[in-house]
Amino acid sequence: MSSLTISINAIDTNSALASRYFTAAGFTLLLWDHLNTLSKEVDLIWRGSGRYSWMLKVAFLFNRYVHEGYMLFVVYVTSGIRAPSDDVCRSYLMAVVFFGTVATIIAQFLLILRLYVLMDQRRAVLYWLTAGFVIAVAVSLLFTILSMIDFKNGPIGVVPVLNVCVLIEKPRYALGILSPMCAFDVFVVLLSIYNALDRPYRSNAEFFTSLYKDGVRIFLGNAVLHLVDLLVVIFGSADKLFIILIFFCALSSVLISRLTFLMEKIENLKYGSLIIPLKHSYS
């Protein structure tokens with residue numbers, strides 16, 4: 001046992017077991033949602049066309065497929081099949097931090113693409129969304145890099161018998177990673193309210209209002225996840241921190257995928273290119 005490997009008596013084994021089960025649950029959730037919405041994905045994403053369709057496809061590919069590969073890696077590391085070395089644990093924790101940040105950035109990018117269309121492709125909205133996004137990403141990435149440097153030399157642990165990597169100390173820069181994204185969520189809500197007040201009336205306003213409400217519910221659900229992540233970082237213990245963040249990251253991926261489907265449906269309806277029956281639900 002290396003000097004950085006902690007004793008099983010020094011940590012709550014329930015947290016180690018929870019880490020294993022919650023990551024497996026997150027991976028199962030991703031796979032279930034993927035299979036459940038595969039036909040919508042093909043119709044609305046891969047068969048879609050438009051000015052920004054290639055960016056949408058790349059971002060969606062990462063949000064869904066790369067995310068599933070990442071979760072498979074997390075499930076393997078937390079499964080306890082093999083006793084992880086300190087180096088493996090460090091790589092695992094660094095990967096969780098880095099991918100969690102990148103996944104959030106991709107999700108917010110998908111949000112920008114869909115909101116731009118939803119808000120009638122108004123250039124002023126695009127400029128404000130882009131500016132807020134760039135600032136949030138820059139700050140978040142800065143603190144992500146600092147956190148990864150911390151993990152490279154900081155204390156980590158492995159629970160013997162269970163063979164699960166654990167975090168001994170709460171990351172110093174975790175708050176700096178999550179705060180910009182929460183601030184961006186608030187900014188998007190305010191910008192959406194401004195645009196809604198300034199949007200012209202539509203002849204089929206009742207139908208669009210129903211779709212917009214579905215989109216708002218999904219977006220607010222994702223924003224609440226970001227807020228809970230932030231509260232966990234502030235008030236949660238170190239050993240439980242990644243358990244919640246990894247599971248919520250998987251749940252956020254599901255919400256963003258469904259929000260993307262809904263926004264694509266709205267765009268197709270607005271521009272007359274819907275290729276599937278309106279009776280289908282995308283929320």
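My aim in this report is to walk through the structure given alongside it, one point at a time. Position numbers for residues start from 1 in each chain and track the written sequence from start to end. Reporting of local features is limited, given that this is a predicted model, to residues whose pLDDT is at least 70; pairs of side-chain atoms are given and counted only at 80 or more, and all residues count toward the totals for whole chains, interfaces and linings. To obtain the side-chain values, all non-hydrogen atoms of the structure were used and water was disregarded.

With that settled, consider the pattern of salt bridges. Put simply, a salt bridge is a Lys or Arg side-chain nitrogen that is within 4 Å of an Asp or Glu carboxyl oxygen. Under the criterion given, the structure shown has five salt bridges. In this structure, Asp33 and Arg258 form a salt bridge, with 2.7 Å as the shortest nitrogen-oxygen distance. Of this pair, Asp33 sits in helix 1 (residues 13-36) while Arg258 sits in helix 8 (residues 238-271), placing them 225 residues apart in sequence. Comparing Asp33 with Arg258 shows no difference in burial state: the two are buried. Across the salt bridge formed by Glu41 and Arg64, the nearest N and O atoms sit 2.7 Å from each other. Here Glu41, found in helix 2 (residues 38-46), pairs with Arg64, found in helix 3 (residues 53-78); they are 23 residues apart in sequence, far enough to count as distant. Judged by relative accessible area, Glu41 falls into the buried class, the value being 0%. In this structure Arg64 comes out as buried when scored by relative accessible area, which is 3%. Salt bridges sharing partners connect three or more residues here, namely Asp33, Glu41, Arg64 and Arg258. Each helix is a run of H or I in the DSSP string that is no shorter than four residues. Each strand is a run of E no shorter than two, and both are numbered from the N terminus. Categorising residues by exposure relies on relative accessible area from a 1.4 Å probe, with only protein chains included: less than 20% of the type maximum marks a residue as buried, more than 50% marks it as exposed, and the intermediate range marks it as partly exposed.

With that settled, the discussion passes to the packing of aromatic side chains. Each aromatic pair joins two rings of Phe, Tyr and Trp (for Trp, the six-membered one) with centres within 6.5 Å, and gets the label stacked for planes under 30 degrees apart, edge-to-face for over 60, and tilted for any other angle. According to the stated counting rule, one finds 11 aromatic pairs in the structure shown. Taking the centre distance of 6.2 Å and the plane angle of 45 degrees together, the rings of Phe109 and Phe133 count as tilted. One end of the pair, Phe109, is in helix 4 (residues 86-118); the other, Phe133, is in helix 5 (residues 123-153), and 24 residues separate them in sequence. Its relative accessible area of 24% is what places Phe109 among the partly exposed residues. You can call Phe133 buried: its relative accessible area is 13%. An aromatic cluster of at least three residues, connected via ring pairs, comprises Phe109, Phe133, Phe184 and Phe187.

Residues Leu175, Leu227, Leu231, Ile234 and Phe235 make up a contiguous nonpolar surface patch of roughly 480 Å² in combined accessible area. When residues in the nonpolar patch are grouped by element, the largest group, four residues, is from helix 7 (residues 205-235). Summarising the element assignment, Ile234 is placed in helix 7. Taking relative accessible area as the criterion, Ile234 reaches 40% and is therefore assigned partly exposed. What goes into a patch is any residue over 30% in relative accessible area without a salt bridge, connected to like charges within 9 Å or, for nonpolar side chains (Val, Leu, Ile, Met, Phe, Trp, Tyr), within 5 Å. Surface exposure here means Shrake-Rupley accessible area, sampled with a 1.4 Å probe, where a residue is shielded only by the protein chains that are shown.

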